[in-house]
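If you want the building blocks of each chain, they are given just below.
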Amino acid sequence: MITGATSGIGRACAERFAQGGYDLLLTGRSEEKLSPVVDVVKASGADVKTLVFDVRDRDAVAKALQGLEGRWSEIDVLINNAGLALGLEKEYDGRFSDWDTMIDTNIKGLLTMTRLVVPGMVERGRGHIINIGSVAGDAAYANGNVYCATKAAVKALSDGLRIDLADTPLRVTNVKPGLVETNFSVTRFHGDKDRADNVYKGIKPLTGQDIADVCLYAASAPAHVQIAEVLVLATHQANGTTIVRNN
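Asker: How do you make sense of the overall build of the protein chain when you look at a structure like this?
Answerer: A tally of regular secondary structure across the protein chain gives 8 helices and 6 strands. Secondary structure elements of the protein chain, listed N to C terminal, follow the sequence α-β-α-β-α-β-α-β-α-β-α-α-α-β. Taking 247 residues into account, the globule formula puts the C-alpha radius of gyration at 18 Å, and the protein chain, at 17 Å, falls close to it. Its C-alpha atoms give the protein chain principal-axis dimensions of roughly 50 × 40 × 35 Å. Relative to its 247 residues, the protein chain shows a buried fraction of 47%. In the protein chain, of all internal contacts separated by at least 6 residues, the share reaching a separation of at least 24 is 72%. In the structure as shown, the protein chain presents an accessible area of about 12,100 Å², 49% of it carried by carbon and sulfur atoms. Treating the 27 positive side-chain charges of the protein chain as one cloud and the 30 negative ones as another, the clouds have centres 2 Å apart.

The structure is reproduced here in structure tokens:
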């Protein structure tokens, strides 16, 4: 199951896991945006089912999951990918609506998926939870305040879940990308494509496919190997703030 599978890292994970032999439960807020992803992954031979909901809507998530039958209800890998950044203002200038959306999606949405999916994994004695975090969760950067806080929460929640599951065969992985060129920055800047493009100028950023490769590797590791945390950066990015650009 991959949340936020309509674009970016989520879509790349769908394509890569389909190539890896997985059947897929893909979630997103729009059936229209999920449809082209379904067409691509079906071409790889995967069986696909879509669920349309916003991870912020706990009741909608619960209803969708309760409607799963047979093998579709036995989720082996959960990729908590749905997430976003909004705005790049100083903390005292931030928008309440942006904060609410980031916190409700990046933290509470991840918790909702974890709470509703992981108990079944524990009962079956198998499963892997892959949370898409960020280098931003390691240290705050200028004007990243609330987004950085949400990704720090993803790290803490991943670590806490790993502790809680240590007496089970389940595994927990936190994948922390640096600069990845997706629609991430377009969303952050509320659709300002020119401003978003400037984020990646002068450096070759990561792609969604790069992160999908890491996720599949973690999921494919032998049962006794738990890839707990992976920080993935572009070659000319050293951390969240040190980026060398070719001008």
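Asker: I would appreciate a short explanation of the packing of aromatic side chains in the present structure.
Answerer: Given two aromatic rings, their pairing is described by the distance between the two centres and the angle made by the two planes. All chains considered together, the criterion is met by 2 aromatic pairs. Aromatic side chains Phe-96 and Trp-99 sit 5.4 Å apart centroid to centroid with 80° between the ring planes, which places their arrangement in the edge-to-face category. Separated by 3 residues within a single helix, Phe-96 and Trp-99 lie in helix H4 (residues 96-124), roughly one turn from each other. A relative accessible area of 63% means that Phe-96 is categorised as exposed. Here Arg-71 stacks its cationic end above the ring of Trp-72, 4.6 Å away from the centre of that ring. Across the ring face of Tyr-147, the terminal group of Arg-188 is positioned such that the distance to the ring centre comes to 5.2 Å.

Asker: Please clarify how the side chain of Thr-105 should be interpreted in this entry.
Answerer: By the element assignment, Thr-105 lies in helix H4. A residue is classified by how much of its surface remains accessible, and Thr-105, at 8% relative accessible area, is buried. Each residue touching Thr-105, except ones within four places of it in the same chain, is listed here: Val-55, Arg-56, Ala-82, Gly-83, Leu-84 and Leu-110.

Asker: How do you make sense of the pattern of salt bridges when you look at a structure like this?
Answerer: When their charged atoms lie close together, side chains carrying opposite charge are able to pair. Taken as a whole and judged by the stated rule, the model has 14 salt bridges. Salt-bridge contacts for Arg-71 lead to Asp-47; the nearest nitrogen and oxygen are separated by 2.5 Å. With a gap of 24 residues between them, Arg-71 in the loop between helix H3 (58-66) and strand E3 (77-80) and Asp-47 in the loop between helix H2 (31-42) and strand E2 (48-52) connect regions that are remote in the sequence. Residue class for Asp-47 comes out partly exposed when judged on its relative accessible area of 34%.

Asker: Honestly, the packing of helix H1 (residues 8-19) against H2 in this entry has me stumped. Any pointers?
Answerer: Describing two packed helices takes the angle between their axes plus the distance from one axis to the other. Between H1 and H2, whose axes approach to 9 Å, the crossing angle comes to 20°. Of the possible angle classes, the one that applies to H1 and H2 is roughly parallel. Considering the relative orientation of H1 and H2, their crossing is right-handed. Together, Arg-11, Ala-14, Glu-15 and Ala-18 of H1 and Pro-36, Val-37, Val-40 and Val-41 of H2 make up the contact between the two elements. Of the residues belonging to the contact of H1 with H2, the class tally is 6 nonpolar, no polar and 2 charged.

The rules we used
- Residues numbered from 1 in each chain as written.
- Predicted model: local features only at pLDDT ≥ 70, side-chain atom pairs only at ≥ 80, totals over all residues.
- Heavy atoms only, no water.
- Helix = DSSP H or I, 4+ residues; strand = E, 2+ residues; numbered from the N terminus.
- Rg over C-alpha atoms; globule rule 2.2 N^0.38 Å.
- Buried < 20%, exposed > 50% of the residue type's maximum accessible area, 1.4 Å probe, protein only.
- Contact = heavy atoms within 4.5 Å.
- Areas by Shrake-Rupley, 256 points an atom, 1.4 Å probe, with all protein chains shown as cover.
- Lys, Arg positive; Asp, Glu negative; His and termini not counted.
- Charge placed at Lys NZ, Arg CZ, Asp CG, Glu CD.
- Phe/Tyr/Trp six-rings, centres within 6.5 Å; stacked < 30°, edge-to-face > 60°.
- Lys NZ or Arg CZ within 6 Å of the ring centre and 35° of its normal.
- Salt bridge = Lys/Arg side-chain N within 4 Å of Asp/Glu carboxyl O.
- Axes fitted to C-alpha atoms, helices over the stretch in contact; angles between N-to-C directions.
- Parallel < 35°, antiparallel > 145°, perpendicular 65-115°, else oblique.
- Left-handed = near helix turned anticlockwise from the far one by under 90°.
- Nonpolar A, V, L, I, M, F, W, Y, C, P; charged D, E, K, R; others polar.

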